[in-house]
Amino acid sequence: VMNNLALAEQALGNLGEAEKLLRAAIAAQVKSFGPENYLVGAGLANLGDVLLSMGRLEPALESLTRAVSIIEVGVGHDHPALLTPLRILSGVSVALGRHDAALEYMRHSVKVGVATARRRRLDIENARDSAQVVHALNGALYVYSRVIQASPERADVLGAEAFEVAQWLTQSVAGRTLAA
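Reading the values: rules and limits
Residues numbered from 1 in each chain as written. Predicted model: local features only at pLDDT ≥ 70, side-chain atom pairs only at ≥ 80, totals over all residues. Heavy atoms only, no water. Helix = DSSP H or I, 4+ residues; strand = E, 2+ residues; numbered from the N terminus. Contact = heavy atoms within 4.5 Å. Axes fitted to C-alpha atoms, helices over the stretch in contact; angles between N-to-C directions. Parallel < 35°, antiparallel > 145°, perpendicular 65-115°, else oblique. Left-handed = near helix turned anticlockwise from the far one by under 90°. Nonpolar A, V, L, I, M, F, W, Y, C, P; charged D, E, K, R; others polar. Core = buried A, V, L, I, M, F, W, Y, C linked by side-chain atoms within 4.5 Å. Buried < 20%, exposed > 50% of the residue type's maximum accessible area, 1.4 Å probe, protein only. Salt bridge = Lys/Arg side-chain N within 4 Å of Asp/Glu carboxyl O.

S.K.: Whenever I open this one, the side chain of Gln10 confuses me. Can you help?
M.R.: Here Gln10 shows up in helix α1 (residues 2-11). The contact partners of Gln10, leaving out residues within four places of it in the chain, are Leu15, Ala18, Asp49, Val50 and Ser53.

In structure tokens form, the structure reads like this:
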């Protein structure tokens, strides 16, 4: 319940209240389920997003990194629950000028997105997963563009990777579903 209230506060722009509620929810989840529980990871991912919205990049990076680790242990390294935290983590890394880390997180997110799309029939019945896959792939294109701007000498290799992502995005069932 506190997680949902926190997300509502975030949507309303009440970031301080959202942070407070998320920290309380995470503390309750740690007490009830232990520090490595999937729900703790999901809460940390939400907290990382709020911290990013507040411009607190280092704490956001820390929260998201821990969230990804916990979620991976709980559900595996290619589960769709990783799509959003990895996308946000790659964006935070770009904002901090940590381009190699951003590429690593973004490539992981793309692999999860492609694996999700191949494993499931992403269509209108699975709109949430479709949206997450498309959002992750769009996020990947953003990271590619930012890293290429910062390191033009890598443009050939990264441009080719970005082209593959763009092709997959436009040709995927998820991309066609959301474009319709």
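S.K.: What exactly am I supposed to notice about the environment of Leu82 here?
M.R.: For Leu82, the location among the structural elements is in the loop between α4 (57-75) and α5 (83-95). Separated by 13 residues in sequence, Leu82 and Ser69 place their C-alpha atoms 9.6 Å apart. If near-sequence neighbours (up to four positions away) are discounted, Leu82 is found in contact with Val68, Ile71, Glu72, Gly76, His77 and His108.

S.K.: Would you mind showing me how to read the packing of helix α3 (residues 38-53) against α4 here?
M.R.: The relative placement of two packed helices comes down to the angle between their axes together with the axis-to-axis distance. Where α3 contacts α4, the two axes come as close as 7 Å, and the packing angle between them is 155°. Classified by the interaxial angle, the pair formed by α3 and α4 is roughly antiparallel. Remark: the crossing between α3 and α4 carries left-handed chirality. Contacts between α3 and α4 involve Tyr38, Val40, Gly41, Ala42, Leu44, Ala45, Leu47, Gly48, Asp49, Leu51 and Leu52 from the first element and Leu57, Pro59, Ala60, Ser63, Leu64, Arg66, Ala67, Ile70, Ile71 and Val75 from the second. Of the residues contributing to the contact of α3 with α4, the split by class is 16 nonpolar, three polar and two charged.

S.K.: Is there a simple way to think about the nonpolar core in this case?
M.R.: If you look at the biggest cluster of nonpolar residues, it comprises 46 residues, and the most contacted ones within it are Leu44, Leu103, Met106, Val110, Val143 and Tyr144. Where this core is concerned, the elements lending two or more residues are α2 (15-33), α3, α4, α5, α6 (99-119), α7 (127-150) and α8 (155-171). When residues of this core are assigned to their parent elements, the largest contribution, eight residues, is made by α7. For Leu103, the residues in contact, after removing those within four places along its chain, are Val143, Tyr144, Val147, Arg154 and Leu158.

S.K.: Where do I start with the environment of Val1 in this structure?
M.R.: Secondary-structure assignment places Val1 in the segment before α1. According to the relative accessible area criterion, Val1 is exposed, its value standing at 82%. Residues Val1 and Leu21, spaced 20 residues apart in sequence, show a C-alpha to C-alpha distance of 9.7 Å.

S.K.: Is there a simple way to explain the packing of α5 against α6 in this structure?
M.R.: Relative orientation of the contacting elements α5 and α6 amounts to 160°, with a least axis distance of 8 Å. Regarding the angle of α5 to α6, the classification is roughly antiparallel. In this structure, the crossing between α5 and α6 has a hand that is left-handed. Together, Leu83, Leu86, Arg87, Leu89, Ser90, Ser93 and Val94 of α5 and His99, Ala101, Ala102, Tyr105, Met106, His108, Ser109, Val112 and Gly113 of α6 make up the contact between the two elements. Broken down by class, the residue content of the contact of α5 with α6 amounts to nine nonpolar, six polar and one charged.

S.K.: What am I meant to see in the pattern of salt bridges here?
M.R.: Opposite charge on two side chains lets them pair, provided their charged atoms get close. Tallied over the full model, the rule gives six salt bridges. Notably, a salt bridge pairs Glu19 with Arg56, separated by 2.9 Å at the nearest N-O pair. Here Glu19, found in helix α2, pairs with Arg56, found in the loop between α3 and α4; they are 37 residues apart in sequence, far enough to count as distant. Residue classification places Glu19 among the buried positions, given a relative accessible area of 12%. On the basis of relative accessible area, Arg56 is assigned to the partly exposed category, the value being 32%. Among the ionic pairs, Asp100 bridges to Arg154, the shortest N-O distance being 2.9 Å. On the criterion of sequence distance, the pair formed by Asp100 in helix α6 and Arg154 in the loop between α7 and α8 is long-range, its members being 54 residues apart. Judged by its relative accessible area of 27%, Arg154 is partly exposed.

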